[in-house]
Amino acid sequence: MSIITDVIQSTVAVIKGMRRTLAEIPREKWTVQYPDDPITVQPRYRGMHLLHVDENGKEKCVACYLCAAACPSDCIYIEAEDDPRPYEQRVGRDERFAKVYNIDYNRCIFCGFCVEACPKDAITHGYNFEISVYNRSDLLKTKNDLLITKQKQSKNYRVALSSEDVDSEYKEV
Amino acid sequence: MSVAVENIPGQFDDLDQSLESQMTLSMGPQHPSTHGVLRLELKLDGELVVKAIPDIGYLHTGMEKLFEYKKYQQGIVITDRMDYLNPLGNNLAYVMAAEKLLDLEIPERAQTIRVLFCELQRIASHMVWLGTSALDLGAMSVFFFCFRQREKILNLIEAASGGRMTPSYFRIGGLMMDLPAGFERRCQQFIEGFPEALDTFETLATGNTIWQSRTQGVGVISREEAIDWGLTGPCLRASNVDLDLRRDNPYSGYETYDFDVPVETDGDVWARYRVRMRELYESHKIIRQALARLKPGPIKADAPKVVLPDRDDMRKHMDSLIHHFLIVAEGFSIPEGEVYHAIEGSKGELGVYMKSDGTPKPSRVHVRGPSFINLQALPVMSEGEMIADVVAIIGSLDIVLGEIDR
Ligand code: SF4
Ligand code: SF4
């Protein structure tokens, strides 16, 4: 007898559950057919970095090493150099600039401490999170890979960290 | 030293002298229902569990030692990675321990936002618990409903901090950034949609006879044993002990919120399930209150030597810039002393012990992870149960291996 009630009760439970599940079919979907469809990320998303330039294309970084000091995983490597030439001819906005600027993405944890530390707004996060490679040495990104002028067409591109950028709604990648 | 090898008592001694009908089964570390890389050494008599010995350490990363090599503010990112389902709770325990040593006054808005995010995170953590433990017991669709709600919360966390699983949103002395514009509206949308989801869970699991018979009377732990084993959080409250640090040792302004502490009496898997389900309603209530009392105001404590200055301020004022340089490059030192600060994490009492020797790096940080201590009770709960119920018991403990192994 109790087996029969058990079976009936379990069947009722399954039917009830299935009704709830099937009712979801016509409703709004939250799944995204990634990678065929793009994923949206929030404006503050912390992806791969961008090194910014000023309105004349001069690098903003002054090689102050603050980002390297703030980095909890010690993955930023900088070599500073002075360029005494006039503004029009040099690469940096200021006389001092980073001759070498490497971020080792084997180690980076995308914490945003470097962005928070930079006094010149020279480094921000972009939106790219698809950085897997076949060779670990390819994850060592140099200044050439990180400069915003080199990334204009990439998924990583985003404007400098400003209040409008942060407060805007969603960002399609 | 002439002790014969056979006289040295060993941990696995009685496992070796198994009866004819007994066998030893290794469950995990790659078993999906052990929620990570937990290995259980099960001694079975037929289908009955005679003894269960958890074997941990597969995820050990030396985080507690790592704290000693990082400046105080850099330690925050390590805490994210301990209990990766409750990162904001970990952040809070860590920063509050440091704030206690520094004697910092945290502004109202920052405290409210902290409470808001901790409760959102608690819901997200409980969603993963409910989804995975239901999946272990064969209820597949609950998992998808849970993860949809969690996705909404992760989007909110991402909107504020930029990270989903590793937000590092709290800072010693305040927050990383203020909330983005439109956050309140989106959070409001979430809390309006959430009761319907709770309804779904109640239909799919609570009212389901299959679910009830899988969980009721399974993995019982008595009130006395629960206290002896040092259980905390929902596991303790399911054994009829009314203890919640949010109410009994309030921090971050929890004493001003109106919420109940759910307690159940049976101490079985079902009771633990009910406690967590009822906690979801309470967290929902707290989020609603926190959102209602969000007022504009400062989000960082007034301590220029510890807290990074406002970015605008830093660009305009020389002294702010100097402080900024010093904090980032040298770190800040905390007066000598030691402190223990515990919060009610999503899994229990999450405590951080911090010892400072007056330098910019802590001389010792220890974390009391609730998962680690709750897991100790697994042998008590599972002895005499069927092997299939061990899966239900592990699910009901809500362990995260990242926190157990650290
Ligand atoms: S995001 Fe964090 S880990 Fe990565 S480079 Fe910046 S500070 Fe270092
Ligand atoms: S990126 Fe910013 S913090 Fe890093 S060296 Fe350049 S200016 Fe300094």
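These figures come from a predicted structure and were not determined experimentally. (Residues numbered from 1 in each chain as written. Chains lettered and ligands numbered in written order. Predicted model: local features only at pLDDT ≥ 70, side-chain atom pairs only at ≥ 80, totals over all residues.)

### A look at the overall build of chain A
Okay, step 1: Along its length, chain A carries five helices and seven strands.
Okay, step 2: Reading the helices (α) and strands (β) of chain A from amino to carboxyl end gives α-β-β-α-β-β-α-β-β-α-α-β.
Okay, step 3: Counting the 173 residues in chain A, one finds 28% classified as buried.
Okay, step 4: Look at the contacts in chain A between residues 6 or more apart in sequence, and 76% of them connect residues 24 or more apart. (Helix = DSSP H or I, 4+ residues; strand = E, 2+ residues; numbered from the N terminus. Buried ≥ 20, exposed ≤ 12 C-beta atoms within 10 Å, placed from the backbone. Contact = placed C-beta atoms within 7 Å.)

### Notes on the interface of chain A and chain B
How large an interface is tends to be reported as the accessible area lost when its parts come together.
Okay, step 1: Of the residues lining the interface, 28 residues belong to chain A; the matching set on chain B comes to 29 residues.
Okay, step 2: Going through the elements one at a time, α1 (2-22), α2 (66-70), α3 (113-117) and α5 (163-167) of chain A are the ones with two or more residues in the side of chain A that touches chain B.
Okay, step 3: The element that contributes the greatest number of residues to the side of chain A that touches chain B is α1(A), accounting for seven residues.

### Digging into the site of ligand 2
Okay, step 1: Taken together, 14 residues lie around ligand 2, and A:C61, A:C64, A:L66, A:C67 and A:C118 are the ones closest in.
Okay, step 2: Within the shell around ligand 2, the residues separate by chemical class into 13 nonpolar, no polar and one charged. (Near = placed C-beta within 6 Å. Nonpolar A, V, L, I, M, F, W, Y, C, P; charged D, E, K, R; others polar.)

### Considerations on the pairing of strand β3 (residues 48-55) of chain B
Okay, step 1: Here strand β2 (residues 39-45) of chain B pairs with β3(B) via seven bridges, running antiparallel. Residue pairing across strands places B:E41 opposite B:I53, the latter belonging to β3(B). (Pairing = 2+ DSSP bridges.)

### Let's talk about the sheet that holds strand β1 (residues 22-27) of chain B
Residues and elements named next belong to chain B.
Okay, step 1: Sheet architecture is open: three strands sit in the order β1-β2-β3, paired in antiparallel fashion. For this open sheet the edge positions go to β1 and β3, each flanked by a neighbour on one side alone. Averaged over all adjacent pairs, the angle separating strand axes in this sheet is 20°, with direction ignored.
Okay, step 2: As paired strands, β1 and β2 are joined by six bridges and run antiparallel to one another. Considered in β2, the bridge of M23 is made with L44. (Axes fitted to C-alpha atoms, helices over the stretch in contact; angles between N-to-C directions.)

### Section: helix α17 (residues 387-397) of chain B
Okay, step 1: Within α17(B), nine of the 11 residues are buried, which leaves the element mostly enclosed by the surrounding structure.
Okay, step 2: Phi turns positive one or two residues past the end of α17(B), at B:D398, with a value near 55°.

### Let's talk about the nonpolar core
Okay, step 1: Of all hydrophobic cores here, the largest spans 137 residues; its most connected members are A:C67, A:C114, B:A98, B:L120 and B:I393.
Okay, step 2: Counting residues per element, this core draws most heavily on helix α5 (residues 108-136) of chain B, at 14 residues.
Okay, step 3: Both of domain 1 (5-55) and domain 2 (63-405) of chain B provide at least three residues apiece to this core.
Okay, step 4: Residue contacts for A:C67: discarding those within four places in its chain leaves A:I76, A:C114, A:A117, A:C118 and A:I123. (Core = buried A, V, L, I, M, F, W, Y, C linked by C-beta atoms within 7 Å. Domains from an automatic or database assignment.)

### So, the domain arrangement of chain B
All names here are of chain B.
Okay, step 1: In terms of domain boundaries, chain B breaks down into domain 1 (5-55) and domain 2 (63-405).
Okay, step 2: Computed over C-alpha atoms, the centres of domain 1 and domain 2 are 32 Å apart.
Okay, step 3: The interface is formed by 16 residues belonging to domain 1 together with 17 residues belonging to domain 2.
Okay, step 4: Sort the elements by how many residues they give to the side of domain 1 that touches domain 2 and β3 lands first, with seven residues.
Okay, step 5: Partitioned by chemical class, the residues of the side of domain 1 that touches domain 2 number 10 nonpolar, four polar and two charged.

### A short note on unusual backbone geometry
Residues and elements named next belong to chain A.
Okay, step 1: Cis geometry marks the peptide bond from Y34 to P35, where omega comes out at 5°.
Okay, step 2: Although it is not a glycine, Y65 adopts a positive phi angle of roughly 70°.
Okay, step 3: Within the element layout of this structure, Y65 appears in the loop between β2 (49-51) and α2.
Okay, step 4: Backbone geometry at D121 places phi at a positive 55°, although glycine is not the residue there.
Okay, step 5: Mapped onto the fold, D121 is located in the loop between α3 and β5 (123-125).

### Quick word on the packing of helix α4 (residues 87-102) of chain B against α5(B)
Residue and element names in this part refer to chain B.
Okay, step 1: Contact geometry of α4 with α5 gives a least axis separation of 8 Å together with a crossing angle of 140°. One finds that α4 runs oblique with respect to α5. Across from L88, G89 and L92 in α4, the residues of α5 making contact are R114, F117, C118 and Q121.
Okay, step 2: Across the contact of α4 with α5, the residue classes tally to four nonpolar, two polar and one charged. (Parallel < 35°, antiparallel > 145°, perpendicular 65-115°, else oblique.)

### Quick word on the sheet that holds strand β4 (residues 96-104) of chain A
Residues and elements named next belong to chain A.
Okay, step 1: Within the open sheet, the three strands sit side by side as β3-β4-β6. Their pairing is antiparallel. Of all strands in the sheet, those with a lone pairing partner are β3 (76-82) and β6 (140-141), marking the two edges.
Okay, step 2: Both β4 and β6 contribute to a ladder of two bridges, which runs antiparallel. Counted as the bridge partner of I103 is K141 from β6.

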